[in-house]
Amino acid sequence: MRPTFHIMTFGCQMNANDADWLARTLIQRGFVPSPLEEAELVILNTCSVREKPERKVYSSLGRIARATRHNAKTFVAIAGCVAQQLGKRIFDNFPQVRLVVGSDGLSFVPDAIERLRAEPVLRLCFTDFSDSYIERPLEITLHSRPVKPAAFVNIMQGCDNFCAYCIVPLTRGRPKSRSSGAVLSECRTWLEAGAKEITLLGQNVNAYGQDLAYGASFTDLLRCVAALPGLARLRFITPHPKDVSPLLIRAFGEIEQLCPRLHLPLQAGSNRVLERMGRKYDRTQYLGLIRELRAVRPDMAFSTDIITGFPGEEEEDFQDTLSIVEEVSFMSSFSFCYSDRPGTAAERLPDKVDATLKLERLARLQALQERISVAWLQKRIGDNSVLLLEGASRKNFGVGETWQGRDPYGVPVNITLSAGDGKIGDLLPVRVTEAKKHSLRAVLA
Ligand code: SAM
Ligand code: SF4
């Protein structure tokens, strides 16, 4: 019987992308995806950026143990940030865990799993950081599932900005850029397999190339990817405002495939808090970037990340955050209560904000954002746009087939088409007819 596996993944898009690669590789090696209860191998791809996802990892380990208790052969591989942080210590508390792999160890997982299946008492741990980006075979040619129209490509790993609140430099190590040749070759493969959109990924994606002695800059890389045949849309996450160069701003005005949406983490609107966070930009500089980007690309929309209740944050600082959110008018934002992360500079800061106050500020911020987001979506009604069809919609709006796709801003759009009028990967000209809370409806234009 073929071995079965189940992957649970938490956290950022890079983790989701790593989980996709693992799934493809295991399928290539004869494994079959299965529900948790039937899995011989369970892979838990973890995140420790905030307290909440980290807690979820521990509750998941308990859930895995309960769900697979009837299957003595089941073992767990734990990867990602929590694995990097805890290393072999995980073995002490979780007997089912037999493989621990940190951020740079993912490419060893498939071989390690084969060894663990052959040697049932063995346990393995790979948490050393490497000096350079470790390439891994893409494994998409014999892949049984069809290629999705939107592909994600890692271009670098790690970060050394050491923002005071952030654990990433400790769990993902120093920045390591891939060679532009490897990035372009992966992009080409996805496009030849049918992808139309590519999102370049990195913890500080626009610092790409700064760690390489020779090679392309981030903007050079964007221009090379954009020139690949078959690419309709290009995006990247997550950039740091301090690394948004004049060349990158110019690129938004010149590269047609670059989508007019930028996720640009702000974190706070108060200069005092930004300085304590070690973000290396202030409010005026951030607003300056937004203005310059809108000047080269008037249809540009922005989304962001914000933390409430960073140590020492006063009501006045929080008001600065609310006012900048209004001023930029972000189409959407991810916002979080500050949580202490082990080993970070902010963990040692005094003046921690009371948990209730952090939550209360988060609720006020989210209420404001919701009002702005709803208004932004409403304003789109009547717009002509282009939809990249991603699959059948879970919603049904009556006669015909209902599809879901995304517009250039990444907003989910539902559309009803006559039977046979659409297929995954089609780019359709549409007109927006209705705005929902987080999505749009459209008709063919
Ligand atoms: N590289 C991105 C940047 O420069 O902003 C951020 C990536 S971080 C892994 C994802 C988001 O998690 C951050 O933008 C921040 O808003 C949030 N975050 C990180 N550490 C946090 C903490 N200790 N408490 C609350 N939120 C945190
Ligand atoms: Fe963390 Fe982003 Fe700062 Fe790097 S730039 S330390 S990933 S918040």
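Keep in mind the model is a prediction, meaning the values are calculated, not measured. (Residues numbered from 1 in each chain as written. Chains lettered and ligands numbered in written order. Predicted model: local features only at pLDDT ≥ 70, side-chain atom pairs only at ≥ 80, totals over all residues. Heavy atoms only, no water.)

A. Looking closely at the sheet that holds strand β12 (residues 261–263). In space, the three strands of this open sheet follow the order β12-β13-β14, with parallel pairing throughout. Strand pairing shows two members of the sheet lacking a second neighbour, β12 and β14 (332–337), which therefore form its edges. Averaged over all neighbouring strand pairs, the angle between strand axes comes to 10°, with direction disregarded. The pairing of strand β13 (residues 301–308) with β14 spans six bridges and is classified as parallel. Residue isoleucine 307 lies in a different strand from β14, and its bridge partner there is phenylalanine 336. (Pairing = 2+ DSSP bridges. Helix = DSSP H or I, 4+ residues; strand = E, 2+ residues; numbered from the N terminus. Axes fitted to C-alpha atoms, helices over the stretch in contact; angles between N-to-C directions.)

B. Focus on helix α11 (residues 283–296). Look at α11: 20 Å from first C-alpha to last across 14 residues, which is about the 20 Å you get at 1.5 Å a residue. Buried residues along α11 sit in contact with α9 (246–254), β12, α10 (271–277), β13 and α12 (315–328). The N-capping residue of α11, defined by a side-chain oxygen 3.2 Å from the backbone nitrogen of threonine 284, is aspartate 282. (Expected span 1.5 Å × (residues − 1). Contact = heavy atoms within 4.5 Å. Polar contact = N/O pair within 3.5 Å; in protein donor to acceptor, adjacent residues only side chain to side chain.)

C. The arrangement of the sheet that holds strand β4 (residues 75–80) in detail. If you trace the six strands from one edge of the open sheet to the other, you get β2-β1-β3-β4-β5-β6, paired in parallel fashion. Strand pairing shows two members of the sheet lacking a second neighbour, β2 (32–33) and β6 (124–126), which therefore form its edges. As defined by bridge partners, strand β5 (residues 97–101) adjoins β6 across three bridges and the pair is classed as parallel. From the neighbouring strand, valine 100 faces β6, where its bridge partner is cysteine 125. Sheet contacts for helix α2 (residues 51–67): β1 (4–9), β3 (41–46), β4 and β5; angle to β3, the most-contacted strand, approximately 170°.

D. Seen up close, the nonpolar core. By size, the foremost hydrophobic cluster in this structure holds 63 residues, and its most contacted members are Leu200 and Phe236. Aside from chain neighbours lying at most four places away, what touches leucine 200 is Val153, Ile155, Val183, Cys187, Val205, Leu221, Leu222, Val225, Leu234, Arg235, Phe236 and Ile237. (Core = buried A, V, L, I, M, F, W, Y, C linked by side-chain atoms within 4.5 Å. Buried < 20%, exposed > 50% of the residue type's maximum accessible area, 1.4 Å probe, protein only.)

E. Structural detail: the packing of aromatic side chains. Scanning the entire structure with this criterion turns up 10 aromatic pairs. Taken together, a centroid distance of 6.3 Å and an interplanar angle of 20° make the contact between tyrosine 58 and phenylalanine 94 stacked. One end of the pair, tyrosine 58, is in helix α2; the other, phenylalanine 94, is in the loop between α4 (89–93) and β5, and 36 residues separate them in sequence. For tyrosine 58, a relative accessible area of 29% gives the class partly exposed. Note on phenylalanine 218 and phenylalanine 236: the rings are 4.9 Å apart at their centroids and 85° apart in plane angle, and the pair reads as edge-to-face. Here phenylalanine 236 lies in strand β11 (residues 233–237) and phenylalanine 218 lies in helix α8 (residues 218–226), a separation of 18 residues in the sequence. (Phe/Tyr/Trp six-rings, centres within 6.5 Å; stacked < 30°, edge-to-face > 60°.)

F. View of the site of ligand 2. Around ligand 2, the structure places Cys159, Asn161, Phe162, Cys163, Tyr165, Cys166, Val168, Pro169, His240 and Arg279. Broken down by class, the residue content of the shell around ligand 2 amounts to seven nonpolar, two polar and one charged. (Near = heavy atom within 4 Å. Nonpolar A, V, L, I, M, F, W, Y, C, P; charged D, E, K, R; others polar.)

G. Region of interest: the pattern of salt bridges. Evaluation of the coordinates by the stated rule reveals 30 salt bridges. The salt bridge partner of lysine 242 is aspartate 243, with a shortest N-O separation of 2.9 Å. By relative accessible area, which is 13% here, aspartate 243 ends up buried. Here aspartate 426 ties to lysine 423 by a salt bridge, and the two come within 3.1 Å at their closest N and O atoms. (Salt bridge = Lys/Arg side-chain N within 4 Å of Asp/Glu carboxyl O.)

H. Layout of the site of ligand 1. Residues in contact with ligand 1 amount to 17 residues; listed here are only the nearest, Arg50, Gln203, Gln267, Asp305 and Ser339. One nitrogen or oxygen atom from the side chain of arginine 50 is found 2.8 Å from an oxygen atom belonging to ligand 1. One of the side-chain nitrogen or oxygen atoms of aspartate 305 is found 2.6 Å away from an oxygen atom of ligand 1. Within the complex, the protein chains bury 90% of what would otherwise be the 560 Å² of accessible surface of ligand 1. The set of elements that each furnish at least two residues to the shell around ligand 1 consists of β13 and β14. Broken down by class, the residue content of the shell around ligand 1 amounts to eight nonpolar, five polar and four charged. (Areas by Shrake-Rupley, 256 points an atom, 1.4 Å probe, with all protein chains shown as cover.)

I. Representation of the environment of cysteine 159. By secondary structure assignment, the location of cysteine 159 is in the loop between β8 (156–157) and α6 (168–172). Accessibility expressed as a relative area gives 11% for cysteine 159, which makes it buried. For the pair formed by cysteine 159 and leucine 264, sequence separation is 105 residues and the distance between their alpha carbons is 16 Å. Residue contacts for cysteine 159: discarding those within four places in its chain leaves Val168, Pro169, Gly173, Arg174, Pro175, Gln203 and Asn204.

J. Structural detail: the packing of helix α7 (residues 180–192) against α8. Viewed as axis vectors pointing N to C, α7 and α8 meet at an angle of 30°, and their least axial separation amounts to 10 Å. In terms of axis orientation, α7 runs roughly parallel to α8. Along this stretch, α7 crosses α8, giving a crossing that reads as right-handed. Contacts between α7 and α8 involve Ser180, Val183, Leu184 and Cys187 from the first element and Leu221, Cys224 and Val225 from the second. Class assignment of the residues belonging to the contact of α7 with α8 gives a composition of six nonpolar, one polar and no charged. (Parallel < 35°, antiparallel > 145°, perpendicular 65-115°, else oblique. Left-handed = near helix turned anticlockwise from the far one by under 90°.)

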